[in-house]
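Structural description and commentary
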Amino acid sequence: SLTISFGLINILPISPGWRVMLQNSPQVFNWLNCMAEENILAQNCVCVLKRHVTNVLKDGRRVVIILEIEVIKPAGEVGGKLGDPVPYNEGKALKYFIIPLTAQKVVSQPAPAQENRLPLQPQNKMEVKSFNRDFGKKAPLAMPSTPGGSSKVVPIASLNPYQSKWTIRARVTNKSGIRTWSNSRGDGKLFSMELVDESGEIRVTGFNQEVDKFFSLIEVGKVYYISKGSLKIANKQYTSVKNDYEMTLNGESTILPCEESGDVPMMQCDFVPIGDLESRDKDAIVDVIGVCKSVDEVTRLTTKTNREVSKRSLSLMDMSGKLVTVTLWGEEAEKFDGSGQPIVAIKGAKLSDFGGRSLSASFSSTLMINPDIPEAYKLRGWYDKDGHAVEGQSLTELKGGSGGGSTNWKTLSDVKNEHLGHGEKADYYSCIATVVYLRKENCLYQACPNQDCNKKVIDQHNGMFRCEKCDKEFPNFKYRLILSANIADYGDNQWVTCFQESAEAILGQNAAYLGQLKDSNESAFDEVFQQANFKTFVFRNRVKLETYNDESRIKATVMDLKPVDHKDYIKSLIVNIRKLAM
Amino acid sequence: MKKEEASRINCSMLLQHINQAVCFVGRVSKVHPSGKTFTAVDGEGKTVTVELNCCLEEELSGVVEVIGLVSNKGVLMAATYNLLREDRGTPFDLELYNEALKVIHDFPQHYPFEAAVSG
């Protein structure tokens with residue numbers, strides 16, 4: 001059988017054994033028990049792998065389990081590193097540790113005098129005296145011990161399916177509610193939680209009896225000793241937890257509260273800069289952190305299943321200068337306090353393509369306000385110093401688009417050439433255009449005088465006006481505007497409809513006054529339209545292909561309009577021209 | 001001379017346009033007591049001397065647009081001028097005008113103002 005000798009580059013104590021990095025190894029990581037206690041397996045010694053088993057993990061990585069190893073030249077005699085070893089898989093996480101099925105202790109005898117060179121084949125094989133050792137009995141390092149004192153604490157990062165007797169000490173960062181199911185095979189229930197410690201994080205699920213045993217015991221934010229869960233490959237679809245494995249509690253598992261929990265971290269997050277969210281796939285689960293620049297009022301809406309749910313939107317900005325809208329639901333939405341522009345971190349937020357890119361905090365997300373983590377302090381410092389003055393560009397297209405909506409600039413010929421509005425959803429765009437025609441005929445209608453109702457009323461011709469929606473008759477009405485206009489730029493024109501607010505903005509008069517003029521002073525009424533003609537605005541329009549009686553037509557509506565800030569416009573034109581020239 | 005044929009320039013372009021019709025926009029700096037000449041500053045802060053063919057009959061101040069010929073010595077021999085009102089609307093931004101000026105000179109293929117105007 002082939003024996004290969006290696007230089008032992010590095011050896012690190014990781015309870016309950018040792019992590020060994022071997023030079024010349026095709027795959028790098030191993031875990032040996034005992035051994036180095038007697039300084040036999042020490043850094044820079046030369047050893048021979050006598051018996052081993054290689055496993056290939058799901059992601060292609062290979063792990064070598066050492067079953068028998070022999071030191072042929074102790075470290076002291078080698079006198080330093082052999083050559084200049086480079087890690088084989090540069091950058092791969094050093095996280096897989098396998099305990100050999102039987103540990104063997106190898107004792108070396110002093111080697112007979114020989115030349116100081118690395119032999120390819122062991123030439124002076126030392127006599128090996130080996131004997132079995134139960135691993136787990138003696139702690140190589142002083143690690144925090146469990147209340148029972150019987151097992152040592154291992155890092156979450158070291159958990160793997162090949163070991164069953166371990167204990168971790170971790171903080172619960174998230175706990176779900178109990179979910180039940182009922183199918184042909186019977187009923188069941190489960191709950192899940194996420195744990196974090198200094199080395200990493202992991203998702204844990206408990207079923208049926210484990211729910212009864214542990215659910216009420218677990219409190220989010222507290223630290224526990226957890227032992228003997230089953231490990232399997234993680235299903236990453238539902239979580240942003242960074243661990244290739246996830247844990248299931250079983251009949252042997254134990255969970256005990258831990259008192260000294262100070263140094264266990266609060267959270268493990270891998271924050272994605274908001275600016276990078278554009279390149280992530282929709283439905284991805286991400287962690288984000290940012291300053292809550294603004295927050296809306298709580299609203300209540302009814303779901304398809306006729307449930308009432310609370311909802312609140314907030315706008316998050318980070319140092320990328322980009323903003324994103326985050327939606328909170330339920331109690332979280334109701335309780336949220338965005339005053340003072342706090343730092344908000346969300347672990348496991350769901351990315352959606354609504355409005356371009358937006359985030360939603362789901363039942364499995366964790367929301368933290370002003371968390372005690374370095375990223376939060378960095379953001380606070382940046383925002384207080386410079387960030388508060390940054391206007392920011394939002395990734396989320398807000399309805400109406402004004403004030404923070406990311407601007408989708410188009411020329412009117414673009415709108416036609418790019419077939420905007422032909423898709424399933426309406427398209428929104430901004431453009432600079434000039435009003436070239438305003439249709440003053442039928443621009444006013446008589447509407448229901450009720451504040452919340454804008455339905456056209458029917459003239460009863462007896463001094464009363466009937467609203468079908470409110471099912472009432474009124475002695476009066478209020479005038480409202482629906483203005484048809486043609487706007488144009490250098491390349492094309494577009495027929496648009498302006499409702500009340502935008503119509504009033506173009507005409508420079510309110511609907512009530514206009515209605516009065518129309519009834520009393522025709523020429524003054526016409527004059528308003530004359531004055532409004534040939535004004536240039538920044539339009540924010542909505543286009544949608546609508547089909548009515550077999551006829552399909554693009555309908556464009558003005559959502560918002562603003563006067564052109566010529567200086568800003570010119571500046572942006574110059575910038576764009578220079579960019580095109582690059 | 002026609003305004004359409006005059007190239008828009010600033011002070012640093014004067015010497016490249018000797019004996020050519022130009023259009024200059026700048027802020028009036030100093031008016032000579034004789035009223036026949038004045039200096040103006042462009043968006044880059046440089047100064048040009050403008051000579052008029054007849055005396056000034058009004059108070060000259062603010063931003064002015066001058067059309068004329070550039071002499072051998074780099075003096076702008078004005079044929080006509082007009083003041084840009086600053087009491088209405090947005091005040092004229094001379095620096096921004098200068099940036100736009102640089103653009104039309106950097107990309108003459110896209111801004112063929114020198115092309116003959118019909119009629």
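Residues numbered from 1 in each chain as written. Chains lettered and ligands numbered in written order. Predicted model: local features only at pLDDT ≥ 70, side-chain atom pairs only at ≥ 80, totals over all residues. Heavy atoms only, no water.

On to the overall build of chain B. Broken down by element type, chain B carries 1 helix and 6 strands. Going from N to C terminus, chain B has its helices and strands arranged as β-β-β-β-β-β-α. Accessible surface computed for chain B: about 7000 Å², of which carbon and sulfur atoms make up 53%. (Helix = DSSP H or I, 4+ residues; strand = E, 2+ residues; numbered from the N terminus. Areas by Shrake-Rupley, 256 points an atom, 1.4 Å probe, with all protein chains shown as cover.)

Residue and element names in this part refer to chain A. The 3 strands are arranged S26-S27-S28 in an open sheet whose pairing can be described as antiparallel. At either margin of the open sheet sits one strand with a lone partner, and together these are strand S26 (458-459) and strand S28 (472-474). Two elements, S26 and strand S27 (residues 465-467), share 2 bridges in a ladder whose sense is antiparallel. From the neighbouring strand, aspartate 459 faces S27, where its bridge partner is phenylalanine 465. (Pairing = 2+ DSSP bridges.)

Next up on the list: the confidence of the model for chain A. Residues and elements named next belong to chain A. Looking at chain A as a whole, its pLDDT mean stands at 75, while 71% of the residues score no less than 70. Per-residue pLDDT stays below 50 along residues 1-6; that stretch engages in 22 contacts with residues further than four places along the chain or on separate chains. Low pLDDT, under 50, characterises residues 85-150; the stretch is placed with 133 contacts to residues that sit more than four places away or in other chains. (pLDDT = per-residue confidence, 0-100. Contact = heavy atoms within 4.5 Å.)

Together, Val436, Tyr437, Trp495 and Phe534 of chain A make up a nonpolar patch on the protein surface, roughly 410 Å² of accessible area in all. As for its placement among the helices and strands, valine 436 of chain A is situated in strand S24 (residues 427-439). (Patch = residues over 30% accessible without salt bridge, like charges linked within 9 Å, V, L, I, M, F, W, Y side chains within 5 Å. Salt bridge = Lys/Arg side-chain N within 4 Å of Asp/Glu carboxyl O.)

In this section: the packing of helix H7 (residues 511-520) of chain A against helix H8 (residues 522-532) of chain A. Residue and element names in this part refer to chain A. The N-to-C vectors of H7 and H8 enclose an angle of 135°; their axes lie 6 Å apart at closest approach. Relative to H8, the element H7 is oriented oblique. Residues Leu514, Leu517, Lys518 and Ser520 of H7 touch H8, and the partners they reach there are Glu522, Ala524, Phe525 and Val528. Residues belonging to the contact of H7 with H8 are distributed by class as follows: 5 nonpolar, 1 polar and 2 charged. (Axes fitted to C-alpha atoms, helices over the stretch in contact; angles between N-to-C directions. Parallel < 35°, antiparallel > 145°, perpendicular 65-115°, else oblique. Nonpolar A, V, L, I, M, F, W, Y, C, P; charged D, E, K, R; others polar.)

All names here are of chain A. Taking 1.5 Å of rise per residue, 12 residues should cover 16 Å, and helix H4 (residues 374-385) covers 17 Å from first to last C-alpha, within 8% of that figure. Within the span of H4, buried status applies to Ala376, Leu379, Trp382 and Tyr383. Along the long axis of H4, the arc covered by the buried residues comes to 130°, so they all point the same way. In this structure, H4 carries Pro374, Tyr377, Lys378 and Lys385 as exposed residues pointing more than 90 degrees from its buried face. Taken together, the buried residues of H4 touch strand S16 (285-295), strand S18 (308-317) and strand S20 (343-352). (Expected span 1.5 Å × (residues − 1). Buried < 20%, exposed > 50% of the residue type's maximum accessible area, 1.4 Å probe, protein only. Arc of directions from axis to C-beta.)

What follows is about the pattern of salt bridges. All chains considered together, the criterion is met by 25 salt bridges over all chains. A salt bridge links glutamate 65 of chain B to arginine 8 of chain B, with the shortest nitrogen-to-oxygen separation between them at 2.8 Å. You can see glutamate 65 of chain B sitting in strand S5 (residues 63-70) and its partner arginine 8 of chain B sitting in strand S1 (residues 7-9), a full 57 residues away along the chain. Within this structure, Glu201, Asp287 and Lys347 of chain A form a network of salt bridges that share partners.

Residues and elements named next belong to chain B. In this sheet, strand S3 (residues 37-41) lies alongside strand S2 (residues 21-31) in antiparallel orientation, the contact comprising 4 bridges. Paired with lysine 30 across the strands is threonine 39, a residue of S3. Connecting the antiparallel pair S2 and S3 is a turn made up of 5 residues, with glycine 35 showing a positive phi of about 80°. Alignment of S3 against strand S4 (residues 47-51), held across 5 bridges, turns out to be antiparallel. Among the inter-strand pairings, alanine 40 is bridged to a residue of S4, identified as valine 48.

This part takes up unusual backbone geometry. For asparagine 208 of chain A, which is not glycine, the phi dihedral falls at a positive 40°. On the accessibility criterion, asparagine 208 of chain A (30% relative accessible area) is partly exposed.

All names here are of chain A. With respect to the secondary-structure elements, phenylalanine 477 resides in the loop between S28 and strand S29 (478-488). When the C-alpha atoms of phenylalanine 477 and isoleucine 458 are compared, they prove to be 9.9 Å apart, with 19 residues separating the residues in sequence. Not counting residues within four places of it along the chain, the set of residues in contact with phenylalanine 477 comprises Gln446, Ala447, Pro449, Val457 and Phe465.

Another aspect to go through is the packing of helix H9 (residues 566-581) of chain A against helix H1 (residues 94-106) of chain B. As a packed pair, H9 of chain A and H1 of chain B sit with axes 11 Å apart at the nearest point and diverge in direction by 30°. The angle between H9 of chain A and H1 of chain B falls in the class roughly parallel. Read as a crossing pair, H9 of chain A and H1 of chain B show a hand that is left-handed. For the pair H9 of chain A and H1 of chain B, the contacting residues are Lys567, Ile570, Lys571, Ile574, Ile577 and Arg578 of chain A in the first and Leu96, Glu99, Ala100, Lys102, Val103 and Asp106 of chain B in the second. In the contact of H9 of chain A with H1 of chain B, the residues fall into 6 nonpolar, no polar and 6 charged. (Left-handed = near helix turned anticlockwise from the far one by under 90°.)

A few words on the packing of aromatic side chains. In the structure shown here, the tally under the stated rule is 9 aromatic pairs over all chains. Relative to tyrosine 97 of chain B, the ring of phenylalanine 92 of chain B has its centre 5.7 Å away and its plane inclined at 50°; by these criteria the two rings are tilted. Counting every residue linked through ring pairs, the aromatic cluster contains Phe465, Phe477 and Tyr479 of chain A. (Phe/Tyr/Trp six-rings, centres within 6.5 Å; stacked < 30°, edge-to-face > 60°.)

A word on the state of the cysteines. Residues and elements named next belong to chain B. Enumeration according to the criterion identifies 0 disulfides over all chains in this entry. Considering cysteine sulfurs only, cysteine 55 is the nearest to cysteine 54, which forms no disulfide, with 7.2 Å between them. Classification of cysteine 54 as partly exposed rests on a relative accessible area of 46%. (Disulfide = S-S within 2.5 Å.)

Accessible area lost upon the coming together of the parts serves often as the stated size of an interface. Taken together, the contacts link 7 residues of chain A with 11 residues of chain B. Both sides of the chain A and chain B interface together cover about 770 Å² of buried area, and 73% of this is carbon and sulfur. Ranking the residues of chain A by area buried against chain B places Lys567, Ile574 and Arg578 of chain A at the top, with a combined share of 62%. Counting across the interface, chain A meets chain B through 2 salt bridges. With its nearest N and O atoms 2.8 Å apart, the salt bridge here joins arginine 578 of chain A to aspartate 106 of chain B. Here chain A and chain B share 1 residue pair in polar contact (both at pLDDT 80 or more) between them. Within the side of chain A that touches chain B, the residues separate by chemical class into 4 nonpolar, no polar and 3 charged. (Buried area = accessible area lost by both parts, 1.4 Å probe. Polar contact = N/O pair within 3.5 Å; in protein donor to acceptor, adjacent residues only side chain to side chain.)

Another aspect to go through is the nonpolar core. Counting 33 residues, the largest nonpolar core has Leu438, Ile506, Leu507 and Phe539 of chain A as its most contacted members. Not counting chain neighbours up to four residues away, the residues in contact with isoleucine 506 of chain A comprise Val435, Leu438, Cys498, Ala532, Lys535, Phe537, Phe539 and Leu561 of chain A. Judged by nonpolar contacts, the second largest core, of 25 residues, contains Val25, Leu56, Leu60 and Val70 of chain B. (Core = buried A, V, L, I, M, F, W, Y, C linked by side-chain atoms within 4.5 Å.)

Okay, the environment of arginine 312 of chain A next. Residues and elements named next belong to chain A. Mapped onto the secondary structure, arginine 312 falls in strand S18. Placed 13 residues apart in sequence, arginine 312 and threonine 299 show a C-alpha to C-alpha distance of 6.3 Å. Other than its neighbours up to four places away in sequence, arginine 312 contacts Val295, Asp296, Glu297, Val298, Val326, Thr327, Leu328, Ala333, Glu334 and Phe336. Among the polar contacts listed, one links the side chain of arginine 312 to the backbone oxygen of aspartate 296, at a separation of 3.1 Å. Among the polar contacts listed, one links the side chain of arginine 312 to the backbone oxygen of phenylalanine 336, at a separation of 3.4 Å.

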